[in-house]
Amino acid sequence: LATLATTEKIMSVGEEGVSFGSVEEELEYWKDQALQLRNEYERLRTEFEEFQENSQELEAELEASLEQTESKNRDLQAKLQRLEDENDSLKSRLDSQSNEAYVTIATLQAEKADLLQMKDSMIRYIREVEQINDDLERGKRVTVSSLDDFESKLNQAFEKNALLESELDEKEQLSVMCQRLKDEVRGMYYIDKQTE
């Protein structure tokens, strides 16, 4: 009994410097630590499993991308082969088109004759346009002359208007002067009335 009492009174110290009042407290502490470590382990395992799953998906995507790239490469190789075949065919056709060049030259000569005929037609058309232009120039000169006459008449009208405005100003000045004289006469009449 003395030994048990002594054991219960001993203070235990954990790895992190935590003091315990009894063996039960220390046991409970380490149970909590073990539970935390287990939870951490479960969390890490879940993350690892997610990482593995993501890695597998990424690997599958990369493999699919690689297959697409290889397929495109095969298509490009086939296209290159087709282009080379077409190039050979075009070279053969170019060699066989020498005779067609003579036909083309003959066609161009015929077109040249047509163009010369069109040129003659255009020359006649230009002469007609020049005649129309001359008529328009004559009409323009007549119009300018009429405008000059109108401008001269307009200037005369402006001069008459200026004279009328001057006369109107003089009339207004005379009207003001008459009014002032009337006012002076009234004033004098009013003074005379007061004097009487």
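Keep in mind it's a predicted model, so treat the numbers as computed, not measured.

What counts and how
- Residues numbered from 1 in each chain as written.
- Predicted model: local features only at pLDDT ≥ 70, side-chain atom pairs only at ≥ 80, totals over all residues.
- Heavy atoms only, no water.
- Helix = DSSP H or I, 4+ residues; strand = E, 2+ residues; numbered from the N terminus.
- Buried < 20%, exposed > 50% of the residue type's maximum accessible area, 1.4 Å probe, protein only.
- Salt bridge = Lys/Arg side-chain N within 4 Å of Asp/Glu carboxyl O.
- Patch = residues over 30% accessible without salt bridge, like charges linked within 9 Å, V, L, I, M, F, W, Y side chains within 5 Å.
- Areas by Shrake-Rupley, 256 points an atom, 1.4 Å probe, with all protein chains shown as cover.
- Phe/Tyr/Trp six-rings, centres within 6.5 Å; stacked < 30°, edge-to-face > 60°.
- Lys, Arg positive; Asp, Glu negative; His and termini not counted.
- Charge placed at Lys NZ, Arg CZ, Asp CG, Glu CD.
- pLDDT = per-residue confidence, 0-100.
- Contact = heavy atoms within 4.5 Å.
- Polar contact = N/O pair within 3.5 Å; in protein donor to acceptor, adjacent residues only side chain to side chain.

Student: What is the right way to read the overall build of the chain from this model?
Tutor: Scanning the chain from N- to C-terminus turns up 3 helices and 2 strands. In sequence order, the secondary structure elements of the chain are arranged as α-β-β-α-α. A buried classification covers 3% of the 196 residues belonging to the chain.

Student: Which parts of the structure should I look at to understand the pattern of salt bridges?
Tutor: Two side chains carrying opposite charge are able to pair once their charged atoms lie near each other. For the coordinates displayed, the defined rule picks out 5 salt bridges. Of the charged contacts, one joins R138 and D135 as a salt bridge, the two residues approaching to 2.0 Å between their closest N and O atoms. Of the two residues, R138 and D135 both sit in helix α3 (residues 98-195), 3 residues apart, roughly one turn of that helix. By relative accessible area, which is 41% here, R138 ends up partly exposed. Since its relative accessible area comes to 36%, D135 is described here as partly exposed. Measuring nitrogen to oxygen at the nearest pair gives 2.8 Å for the salt bridge that ties R186 to D183. Note that R186 and D183 are positioned in helix α3 at a spacing of 3 residues, about one turn of the helix. Members of the salt-bridge network, linked through shared partners, are E40, R43 and E47.

Student: How should I be thinking about a nonpolar patch on the surface in this particular structure?
Tutor: Residues M122, Y125, I126 and V129 make up a contiguous nonpolar surface patch of about 380 Å² in total accessible area. In this fold, V129 is placed in helix α3. Taking the relative accessible area as the measure of exposure, V129 reaches 36% and is therefore partly exposed.

Student: So what exactly am I meant to see when it comes to the packing of aromatic side chains here?
Tutor: Within a pair of aromatic rings, the relevant descriptors are the distance that separates the centres and the angle that separates the planes. Counted under the stated rule, the structure contains 2 aromatic pairs. Ring geometry for F20 against Y29: centres 5.1 Å apart, planes inclined by 55 degrees, an arrangement best described as tilted. Per residue, the accessibility class of F20 equals that of Y29, and both read buried. For the ring pair Y29 and W30, a centre distance of 5.0 Å and an interplane angle of 75 degrees mean the geometry is edge-to-face. Judged by its relative accessible area of 16%, Y29 falls in the buried class.

Student: Help me understand a negative patch on the surface in this model?
Tutor: A cluster of acidic residues, E49, E50, E53, E57 and E61, forms a negative patch on the protein surface. Note on placement: E57 falls in helix α2 (residues 23-96).

Student: Could you clarify how one ought to interpret the confidence of the model for the chain in this entry?
Tutor: Do not read the fine detail of predicted coordinates wherever pLDDT is low. Averaged over all residues, the pLDDT of the chain is 84; the fraction at 70 or higher stands at 89%. Mean pLDDT per element in the chain: helix α1 (residues 2-9) is the minimum at 35, and α2 is the maximum at 90. Predicted confidence for residues 1-15 stays below pLDDT 50, and this span has 14 contacts to residues more than four positions away or in other chains.

Student: What should I look at first to understand the side chain of S22 in this one?
Tutor: Its place among the elements puts S22 in the loop between β2 (19-20) and α2. The buried category is assigned to S22, whose relative accessible area is 19%. Here the side chain of S22 touches E25 through a polar contact of 3.3 Å, landing on its backbone nitrogen.

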